[in-house]
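# Descriptive analysis of the structure
Spelled out, the chains give:
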Amino acid sequence: MFQEILSIIRKIVIFSLISFVVLELVPKEEYKKYINLFTGMVLIIIIVTPVYELLNQSGSFSDVMDQYLLKSEVRDQNMYFNEYDQMRTEAVISEYKDQMIANITEIIESEQLVANSVDVTFNMDTESGNFLAITGVTAVVAKKYEEESIRIKEIVLNANENAESVQIINIKNKISQFYNIETDNINIIK
């Protein structure tokens, strides 16, 4: 035991002398702070390694460093996989939304209307049982005219201006049945 302590002290003294000589040989003052930092870290390792071996805690210093590096690498890979998983989920959601917009556009066009814009909102709570269920649809539509047709303003007598047209009601019913959402959550602007 005494020989081990003497050996540790000898290593520390020898390292200190060598680092002192190296510090004095450095030509520029700028490099001294970096050399001091490096030699300080090496000196700490020289002191800590025997202490760990003497106390016999979790093997040698190299085992402790290997465990730390392994944990760090696993944490980095988990972070990488989480980012990749998030990117993949966003791509799937985007494709799903594009498909829903295409389907709703087809329903609108089946009623002889043109969809100027369609927006679909989803339930984005991944913990809920109805993740990605459609919560609302908003569409801006216009009448479909042929190039050679003539536009004549419709004349309506005693009609409620706020009443929805038969086409809009049909579109809402089809979207409601197809996606199982309430017609109150579907907004079609004409």
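The preceding data block contains the structure.
Residues numbered from 1 in each chain as written. Predicted model: local features only at pLDDT ≥ 70, side-chain atom pairs only at ≥ 80, totals over all residues. Heavy atoms only, no water.

### Some remarks on the environment of arginine 88
- With respect to the helices, strands and loops of the structure, arginine 88 is situated in helix 3 (residues 61-110).
- Among the polar contacts listed, one links the side chain of arginine 88 to the side chain of aspartate 85, at a separation of 2.4 Å. (Helix = DSSP H or I, 4+ residues; strand = E, 2+ residues; numbered from the N terminus. Polar contact = N/O pair within 3.5 Å; in protein donor to acceptor, adjacent residues only side chain to side chain.)

### Regarding the pattern of salt bridges
- Following the criterion strictly, the structure yields four salt bridges and no others.
- Between lysine 32 and glutamate 29 there is a salt bridge, with its nearest N and O atoms 3.7 Å apart. (Salt bridge = Lys/Arg side-chain N within 4 Å of Asp/Glu carboxyl O.)

### Remarks on the nonpolar core
- With 22 residues, the main nonpolar core has Ile104, Ile108, Ile134 and Ile175 as its most contacted residues.
- If we skip the residues at most four places from it in the chain, isoleucine 134 touches Met100, Val120, Thr121, Phe122, Tyr179 and Ile181. (Core = buried A, V, L, I, M, F, W, Y, C linked by side-chain atoms within 4.5 Å. Buried < 20%, exposed > 50% of the residue type's maximum accessible area, 1.4 Å probe, protein only. Contact = heavy atoms within 4.5 Å.)

### A closer look at helix 1 (residues 2-25)
- With 24 residues, helix 1 should cover 34 Å at 1.5 Å per step; its first-to-last C-alpha distance of 35 Å lies within 8% of that length.
- All of the buried residues along helix 1 are Ile8, Phe15, Ser19 and Leu23. (Expected span 1.5 Å × (residues − 1).)

### Notes on unusual backbone geometry
- You will see that glutamine 112, though not glycine, has its phi angle at about 60°, which is positive.
- Despite not being glycine, asparagine 180 shows a phi value in the positive range, around 55°.
- On the secondary structure map, asparagine 180 appears in the loop between helix 4 (166-179) and strand 3 (186-189).

### As for the sheet that holds strand 2 (residues 134-143)
- Taken together, the three strands give an open sheet; going across it, the order is 1-2-3, and neighbouring strands pair in mixed fashion. The sheet is open, and its two edges are formed by strand 1 (113-122) and strand 3, each paired on a single side. Across the sheet, the mean angle from the axis of one strand to that of its neighbour is 15°, orientation sign disregarded.
- Where strand 1 meets strand 2, nine bridges bridge the pair, whose relative direction is antiparallel. Paired with valine 114 across the bridge in strand 2 is alanine 142.
- In the packing of helix 4 onto the sheet, the strands contacted are strand 1, strand 2 and strand 3, and the crossing angle to strand 3 comes to about 150°. (Pairing = 2+ DSSP bridges. Axes fitted to C-alpha atoms, helices over the stretch in contact; angles between N-to-C directions.)

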